[in-house]
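One letter stands for each residue in the lines below.
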Amino acid sequence: GNFTGEPMSKTFTIINPVPTSITSSTFSVNQSNGYISKITAGTTVSKLWSGLNEKDYVVIMDKNGNIATGETVLATGMTAVIMDEGTVVKKYSIVVTGDTNGDGKINITDMIAVKACTLKKSGLSGAYEKAGDVNGDGKINITDFIKVKATTLKKDTITGVEVK
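Student: Give me the lowdown on the side chain of Thr-79, citing residues and values where you can.
Tutor: Inspection of the secondary structure puts Thr-79 in strand β4 (residues 79-84). On the basis of relative accessible area, Thr-79 is assigned to the buried category, the value being 13%. Sequence-distant contacts of Thr-79, that is, excluding residues within four places in its chain, are made with Val-59, Ile-60, Met-61, Lys-91, Tyr-92, Ser-93 and Ile-94.

Student: Any details on unusual backbone geometry? Residues and values, ideally.
Tutor: With phi around 70°, Lys-38 is a residue other than glycine that occupies positive phi space. Unlike most non-glycine residues, Lys-154 shows phi in positive territory, near 60°. With respect to the secondary-structure elements, Lys-154 resides in the segment after α4 (142-152). Assessed through its relative accessible area of 72%, Lys-154 is described here as exposed.

Student: Tell me about α4, and name the residues and values.
Tutor: For α4, the complete set of buried residues consists of Asp-144, Phe-145, Val-148, Ala-150, Thr-151 and Thr-152. Those residues of α4 that are buried are in contact with α2 (108-118) and α3 (126-132). The positive-phi residue at the C-terminal boundary of α4 is Lys-154, with phi of around 60°.

Student: Got a sec to walk through the nonpolar core? Specific residues and values, please.
Tutor: With 19 residues, the main nonpolar core has Ile-22, Ile-36, Leu-48, Ile-60, Leu-74 and Ile-94 as its most contacted residues. Among the secondary structure elements, those contributing two or more residues to this core are β2 (35-39), α1 (45-50), β3 (58-61), β4 and β5 (87-96). A total of three residues in this core trace back to one element, the largest contributor, which is β5. Those residues in contact with Ile-60 that lie beyond four places of it in its chain are Val-45, Leu-48, Trp-49, Asn-66, Ile-67, Ala-68, Leu-74, Met-78, Thr-79, Ala-80 and Ile-94. Formed by eleven residues, the second largest nonpolar core is a distinct cluster that contains Ile-106, Met-111, Val-134 and Val-148.

Student: Which residues make up the sheet that holds β4, and what values go with them?
Tutor: The five strands are arranged β1-β2-β5-β4-β3 in an open sheet whose pairing can be described as mixed. Lying at the two open borders of the sheet, with one neighbouring strand each, are β1 (28-30) and β3. With strand direction ignored, the average angle separating the axes of adjacent strands in the sheet is 30°.

Student: Give a description of α2 that names residues and reports values.
Tutor: Those residues of α2 that sit buried are Asp-110, Met-111, Ala-113, Val-114, Ala-116 and Cys-117. Looking one or two residues past α2, Lys-120 carries a phi angle of roughly 60°, positive in sign.

Student: I'd like a description of the pattern of salt bridges, backed by residues and values.
Tutor: Using the criterion set out here, one finds two salt bridges in the structure. Lys-139 serves as the salt-bridge partner of Asp-137, at 3.5 Å between the closest nitrogen and oxygen. For Lys-139, a relative accessible area of 46% corresponds to the partly exposed category. Here Asp-156 ties to Lys-147 by a salt bridge, and the two come within 3.1 Å at their closest N and O atoms.

Student: A description of the pairing of β4 should follow, citing residues and the corresponding values.
Tutor: Burial of β4 is extensive: five of the six residues sit out of reach of the surface. Two elements, β3 and β4, share four bridges in a ladder whose sense is antiparallel. The residue bridging Met-61 from the neighbouring strand is Thr-79, located in β4. Bridge count for β4 against β5 is six bridges, and the pairing is antiparallel. Across the sheet, the residue bridging to Thr-79 is Ser-93, located in β5.

Thresholds applied
Residues numbered from 1 in each chain as written. Predicted model: local features only at pLDDT ≥ 70, side-chain atom pairs only at ≥ 80, totals over all residues. Heavy atoms only, no water. Helix = DSSP H or I, 4+ residues; strand = E, 2+ residues; numbered from the N terminus. Buried < 20%, exposed > 50% of the residue type's maximum accessible area, 1.4 Å probe, protein only. Contact = heavy atoms within 4.5 Å. Core = buried A, V, L, I, M, F, W, Y, C linked by side-chain atoms within 4.5 Å. Pairing = 2+ DSSP bridges. Axes fitted to C-alpha atoms, helices over the stretch in contact; angles between N-to-C directions. Salt bridge = Lys/Arg side-chain N within 4 Å of Asp/Glu carboxyl O.

Spelled out as structure tokens, the structure:
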């Protein structure tokens, strides 16, 4: 038979699935423990974003859960979150090497915290403990203390290291 009428048409919309993890060639993203590291003190949110492959889906939040702007200086304890229309897909803890108290800087407070850890008098935990391991060997000891002290005295600088 003859075919009459309108040709059939169907519209397909290609939807990019929201990524389930963050990857980066600039920063270290540990999928198993959920830490983003290799971040040097003074690094801004914008700089972190530019180093993330999934930046379009990532929101950086401060310790109070507020969304951080691009100019915000990263601090240990902040989080990088993959969002899918308001739903959290995955959350990562940000580790700024040397920033053990989450103020985004390396100073006397961090020096005291690292010293206390070295002397086993008090402990840091989570991202803050990871931040105290400034040489990236997986532990906090006198070597880390010396480096933090020298940095506090402006005799040395701490570069972001990958956390174990």
